[in-house]
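Observations on the model geometry
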Amino acid sequence: MDIDITEQGGLNVVAISGEVDLSTSPKVRDALLGCISGGKGVIVDLSGVAYIDSSGVASLVEAFQTAKSKSLGFALAQVSDTPMRVLKLARLDQVFVIYDTLDDAVAAMA
Amino acid sequence: MNNQLELLVEIGRHFAATQDIEVTMGHALARIAELMEAEGGALFVLEEGETEPHLICHASVGPVDIKGLTVPADKGIVGRSVTTNSSEMVRDAQNDPNFDTSMDAQSGFTTRSILCAPLSVKDERIGAIEVVNKTGGDGLFANDDLTLLEALAASAALAISNARMAGELAEKEVMRRELELAAEIQRGLLPPPGEDDDFPVRGVNRPARVVSGDFFDFFIMYDGRIAFTLADVSGKGMNAALLMAKTASLFRCLGKEDMRPGRLLQRINAEVCETSMRGMFVTMVAGIYDPASGRVVLANAGHEPPLHHSTDDQFKTLEATAPPVGIPPELTGGGAVPEEVLHLNGGSLYIFTDGATEGYVAPGVELGSDGFMDMIRTGVSDGLTAQARIDAVANRLSDSGQVLRDDITVLVIDDAKPLQNRQSHDDDVIMNDTMKKQIEGASMDEGAVQSHDGSLCALTLPARASSLKLVRRAVGDTAAACGFSQEQCQDLMLAVDEACQNVVRHAYAGVADGDMVIDIRREGESYVVLLRDHAPPVDVAKIVPRNLDDVRPGGLGVHFIREVMDDVEHLSAPDGQGNLLRMKKVI
């Protein structure tokens with residue numbers, strides 16, 4: 001699993017690729033919470049995610065709630081089929097703000 | 001008289017050349033009876049075994065064949081001849097109080113006169129030879145006849161005795177060969193030395209006799225940890241060797257099923273006690289060494305305390321934590337043998353039998369624990385490999401010119417090289433080679449896919465986050481083979497992953513060294529996953545899927561499992577140990 005953090009329009013874009021499971025999700029959690037504590041909104045690019053489990057989803061939920069409490073933006077973008085399926089199973093596709101493309105997300109949140 | 005001499009020579013030659021003593025006895029008896037003009041004759045051999053001594057007829061000539069007839073050794077004329085080791089001449093059998101008339105009554109033969117000579121060599125009583133009813137002359141045997149029969153009997157006795165000795169020698173040779181074969185099989189029970197010079201577990205075994213009551217063994221577990229054992233069966237003979245073979249097999253079989261040292265020794269004890277001969281026991285050490293951390297988990301059932309030699313040259317002994325294997329559990333309260341944990345930190349652990357410390361290095365001088373430690377210390381400072389260090393101890397004892405008092409067995413676990421590897425590879429090894437091999441070796445059983453019944457894939461894995469990738473791959477491959485769509489395969493991977501996570505995170509609650517066993521099966525039109533652990537039983541009532549309206553991190557796993565699977569059941573584990581989860585999805 002890889003995490004790549006870039007800046008776009010005053011936001012952190014966190015691109016996650018590979019498999020997010022019990023052994024790798026703590027790194028996702030640390031990266032997301034790190035960005036939020038830096039005071040910037042976060043767009044999570046899930047286009048490269050081949051697998052995500054409940055611990056990965058939990059990291060997203062925790063980051064989302066933390067951002068909300070600090071009135072920072074938090075959105076998912078380019079969610080590939082596999083993570084989308086898991087979000088739907090968890091009924092979280094209704095909860096997260098999800099954009100089809102990164103540009104859409106930046107345009108809406110910047 | 002010439003005839004008689006010729007017969008003596010002929011019979012002597014026959015006996016000397018015979019391959020089959022029975023045939024020769026029959027042949028000789030026929031010639032003797034003919035020469036002596038006897039109506040019949042018989043040759044009896046004394047059997048003194050575990051039963052009452054008795055005489056068995058091995059050859060018979062005359063109108064009635066009595067071959068195979070058995071009479072008590074103290075009965076009749078023959079019995080008297082054997083018992084007193086002297087010849088008998090009975091001119092009027094019917095009126096002799098010693099004559100056993102029952103035989104004649106049965107056979108219809110009338111015995112009139114008997115000549116009987118004992119067969120004996122020095123003090124060894126072999127039997128007797130008798131001839132009955134002289135047909136020529138006055139129908140009575142004469143003293144000359146008796147002298148001749150005695151001479152023939154002496155020759156026959158010597159031949160029978162020689163044949164017996166040759167038989168015993170041949171039997172001894174067979175026994176010796178059998179013993180060597182047993183020793184060969186026994187050596188085969190010890191693990192092969194292996195080609196990897198850096199392999200950290202090493203052993204040496206020198207039997208005091210042909211076979212050994214000691215053994216050591218080790219095998220690499222699925223996750224790269226190494227299971228090991230060393231044991232000493234009381235005694236040194238064939239009985240000890242057989243019990244050693246049994247114990248060694250139990251270690252391999254049961255250890256590969258559930259390798260927790262304390263529990264393993266408990267199970268081996270139960271098995272040995274169930275069938276073992278009384279009074280024999282086995283002192284035994286079993287443990288697991290993890291080259292990735294240098295950690296050793298050890299259980300010791302009544303064995304010599306192993307020695308930990310640290311890198312700063314300190315020796316520490318690890319005392320036994322339970323009585324030996326073979327002591328009935330009801331006497332000791334049963335239960336698992338308590339385990340000890342130690343970290344080798346680059347040092348070595350020596351496990352050995354008392355044959356190593358109590359062996360003589362000079363007449364009446366034992367090597368002793370101090371001598372043993374000195375040799376290890378010297379070996380380390382001379383830069384010897386672990387194998388060379390323990391070989392040096394064994395060589396010192398077996399080359400001392402003193403007779404080996406007991407089998408010598410030493411096992412060493414040398415953490416020096418693994419420590420170097422740990423220091424040079426800081427990054428987490430997610431999947432080691434052994435695990436990779438397991439997933440490749442445990443590829444699907446195509447037969448089961450096609451036959452719609454049976455195990456598709458079975459894996460035993462450490463309950464760690466790093467095992468989950470392997471689980472998902474096994475599920476993905478088998479589910480696809482069963483015809484599930486790609487999305488369904490992904491769902492199944494998620495569900496089984498979540499179930500395994502619960503074992504790792506909740507059942508074992510982060511305790512190291514736990515196992516989980518995943519058995520993926522095809523049962524008719526169902527895809528079934530059985531997940532087994534050895535953790536304390538989980539309270540099933542407390543496992544509930546979370547309310548999805550309540551958005552918070554965590555607690556989603558159970559929901560995923562129930563969403564994906566058609567049926568989820570918490571079963572009781574076969575032997576009441578741990579938890580068993582059965583998940584089913586209709587294909």
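Rules and cut-offs
- Residues numbered from 1 in each chain as written.
- Chains lettered and ligands numbered in written order.
- Predicted model: local features only at pLDDT ≥ 70, side-chain atom pairs only at ≥ 80, totals over all residues.
- Heavy atoms only, no water.
- Helix = DSSP H or I, 4+ residues; strand = E, 2+ residues; numbered from the N terminus.
- Buried < 20%, exposed > 50% of the residue type's maximum accessible area, 1.4 Å probe, protein only.
- Contact = heavy atoms within 4.5 Å.
- Areas by Shrake-Rupley, 256 points an atom, 1.4 Å probe, with all protein chains shown as cover.
- Pairing = 2+ DSSP bridges.
- Axes fitted to C-alpha atoms, helices over the stretch in contact; angles between N-to-C directions.
- Expected span 1.5 Å × (residues − 1).
- Buried area = accessible area lost by both parts, 1.4 Å probe.
- Polar contact = N/O pair within 3.5 Å; in protein donor to acceptor, adjacent residues only side chain to side chain.
- Nonpolar A, V, L, I, M, F, W, Y, C, P; charged D, E, K, R; others polar.
- pLDDT = per-residue confidence, 0-100.
- Core = buried A, V, L, I, M, F, W, Y, C linked by side-chain atoms within 4.5 Å.
- Salt bridge = Lys/Arg side-chain N within 4 Å of Asp/Glu carboxyl O.
- Phe/Tyr/Trp six-rings, centres within 6.5 Å; stacked < 30°, edge-to-face > 60°.

Quick word on the overall build of chain A
- Across its full length, chain A carries four helices and five strands.
- The secondary structure elements of chain A, listed N-terminal to C-terminal, are β-β-α-β-α-β-α-β-α.
- Counting across all 110 residues of chain A, residues that qualify as buried make up 49%.
- Pairs at least 24 apart in sequence give 68% of the contacts found in chain A among residues at least 6 apart.
- Summed over its atoms, the accessible surface of chain A is roughly 4,500 Å², and 46% of this surface lies on carbon and sulfur atoms.

A few points about the sheet that holds strand S13 (residues 315-317) of chain B
Residues and elements named next belong to chain B.
- Strand order in this open sheet of five strands is S7-S18-S15-S12-S13, and the pairing throughout is antiparallel. Looking along the sheet, the strands with just one partner apiece sit at the ends: strand S7 (201-206) and S13. Here the strands of the sheet are splayed against their neighbours by 20° on average, with no regard to which way each runs.
- Both strand S15 (residues 348-352) and strand S18 (residues 408-414) contribute to a ladder of five bridges, which runs antiparallel. Within the sheet, the bridge partner assigned to Ser348 lies in S18 and is Asp414.
- Contacts from helix H10 (residues 368-381) reach strand S12 (307-309), S13, S15 and S18 within the one sheet, and its direction differs from that of S12 by about 30°.
- Against the sheet, helix H11 (residues 386-398) makes contact with S7, S15 and S18, and its axis sits at roughly 15° relative to S7, the strand it touches most.

Some points on the side chain of Ser526(B)
Residue and element names in this part refer to chain B.
- As for its placement among the helices and strands, Ser526 is situated in strand S21 (residues 526-533).
- Classification of Ser526 by relative accessible area gives buried; the value is 11%.
- Those residues within four positions of Ser526 in sequence are excluded, and the remaining contacts are Arg521, Lys584, Lys585, Val586 and Ile587.

What about helix H15 (residues 468-481) of chain B?
Residues and elements named next belong to chain B.
- Taking 1.5 Å of rise per residue, 14 residues should cover 20 Å, and H15 covers 20 Å from first to last C-alpha, within 8% of that figure.
- Along H15, the residues that are buried comprise Leu468, Leu470, Val471, Arg472, Ala474, Val475, Gly476, Thr478 and Ala479.
- In the segment just after H15, Gly483 is the residue with positive phi, at about 100°.

Remarks on the interface of chain A and chain B
- Listed as interface residues are 23 residues of chain A and, on the opposing side, 26 residues of chain B.
- Across the interface of chain A and chain B, roughly 2,000 Å² is buried in total on both sides, 61% from carbon and sulfur atoms.
- Considering only the surface of chain A that becomes buried against chain B, Leu22(A), Tyr51(A) and Leu89(A) emerge as the three largest contributors, covering 30% of it.
- Viewed at the interface, chain B and chain A are joined by eight residue pairs in polar contact (both at pLDDT 80 or more).
- Breaking the side of chain A that touches chain B down by element, the ones donating at least two residues are strand S3 (42-52), helix H2 (54-69) and helix H3 (81-89) of chain A.
- Partitioning the side of chain A that touches chain B into residue classes produces 12 nonpolar, five polar and six charged.

Observations regarding the confidence of the model for chain B
Residue and element names in this part refer to chain B.
- On average, residues of chain B carry a pLDDT of 84, and 90% of them reach 70 or more.
- Mean pLDDT across the elements of chain B ranges from a minimum in helix H13 (residues 433-441), with 53, to a maximum in S15, with 95.
- Between residues 425-431, whose pLDDT stays under 50, and residues either more than four places distant or in other chains, the model counts four contacts.
- Reported confidences for the modelled complex are a pTM of 0.54 and an ipTM of 0.88.

A word on the nonpolar core
- If you look at the biggest cluster of nonpolar residues, it comprises 70 residues, and the most contacted ones within it are Val44(A), Phe74(A), Leu76(A), Phe96(A), Met516(B), Ile518(B) and Tyr527(B).
- In terms of residue count, the dominant contributor to this core is helix H16 (residues 486-507) of chain B (11 residues).
- By size, the runner-up hydrophobic cluster in this structure holds 48 residues, among which are Phe218(B), Leu250(B), Val285(B) and Ile351(B).

As for the pattern of salt bridges
Residues and elements named next belong to chain B.
- Overall, the coordinates contain 31 salt bridges over all chains when judged by the stated rule.
- Among the ionic pairs, Glu124 bridges to Arg164, the shortest N-O distance being 3.6 Å. Placement of the pair is Glu124 in strand S6 (residues 124-134) and Arg164 in helix H5 (residues 143-189), with a sequence separation of 40 residues.
- On the accessibility criterion, Arg164 (30% relative accessible area) is partly exposed.
- With a shortest N-O distance of 3.2 Å, Asp414 and Arg389 are connected by a salt bridge. Here Asp414 is found in strand S18, whereas its partner Arg389 is found in helix H11, with 25 residues between them in sequence.

Notes on the environment of His343(B)
All names here are of chain B.
- By the element assignment, His343 lies in strand S14 (residues 339-343).
- Along the sequence, His343 and Tyr289 sit 54 residues apart, while their C-alpha atoms lie 9.4 Å from each other.
- Residues contacting His343, with those up to four places away along its chain left out, are Ser293, Gly294, Arg295 and His308.

Looking at the pairing of S21(B)
Residues and elements named next belong to chain B.
- With respect to burial, S21 is a largely interior element, eight of its eight residues being buried.
- Of the two faces of S21, the one holding Ser526, Val528, Leu530 and Arg532 and the one holding Tyr527, Val529, Leu531 and Asp533 are both buried throughout.
- Here strand S20 (residues 515-523) pairs with S21 via eight bridges, running antiparallel. Following the sheet pairing, Met516 is matched in S21 by Asp533.
- Hairpin connection from S20 to S21: two residues lie between these consecutive antiparallel strands, with Gly524 at a positive phi of about 60°.
- Pairing of S21 with strand S23 (residues 579-586) involves eight bridges; the strand directions are antiparallel. Its bridge partner being in S23, Ser526 is matched across the sheet by Val586.

Overview of the packing of aromatic side chains
Residues and elements named next belong to chain A.
- In the structure shown here, the tally under the stated rule is nine aromatic pairs over all chains.
- Ring geometry for Phe64 against Phe74: centres 5.8 Å apart, planes inclined by 45°, an arrangement best described as tilted. On the criterion of sequence distance, the pair formed by Phe64 in helix H2 and Phe74 in strand S4 (residues 74-77) is long-range, its members being 10 residues apart. Judged on exposure class, the residue Phe64 and its partner Phe74 are both buried.

Here's the deal with the environment of Pro261(B)
All names here are of chain B.
- Tracing the backbone through its elements, the reader meets Pro261 in helix H7 (residues 261-275).
- Residue Pro261 is classed as buried on the basis of its relative accessible area, which comes to 2%.
- For the pair Pro261 and Thr229, spaced 32 residues apart in sequence, the C-alpha to C-alpha distance is 9.1 Å.

Brief notes about the sheet that holds strand S9 (residues 226-233) of chain B
All names here are of chain B.
- If you trace the five strands from one edge of the open sheet to the other, you get S8-S9-S10-S11-S14, paired in antiparallel fashion. Edge positions in the sheet fall to strand S8 (214-220) and S14, since each of these pairs with one other strand and no more. Taken over all neighbouring pairs, the strand axes of this sheet differ in orientation by 15° on average, direction set aside.
- In this sheet, strand S10 (residues 282-290) lies alongside S9 in antiparallel orientation, the contact comprising eight bridges. Along S10, the bridge assignment pairs Asp232 with Thr283.
- Across the sheet, helix H6 (residues 238-257) touches S8, S9 and S10, and the angle it forms with S8 is around 15°.

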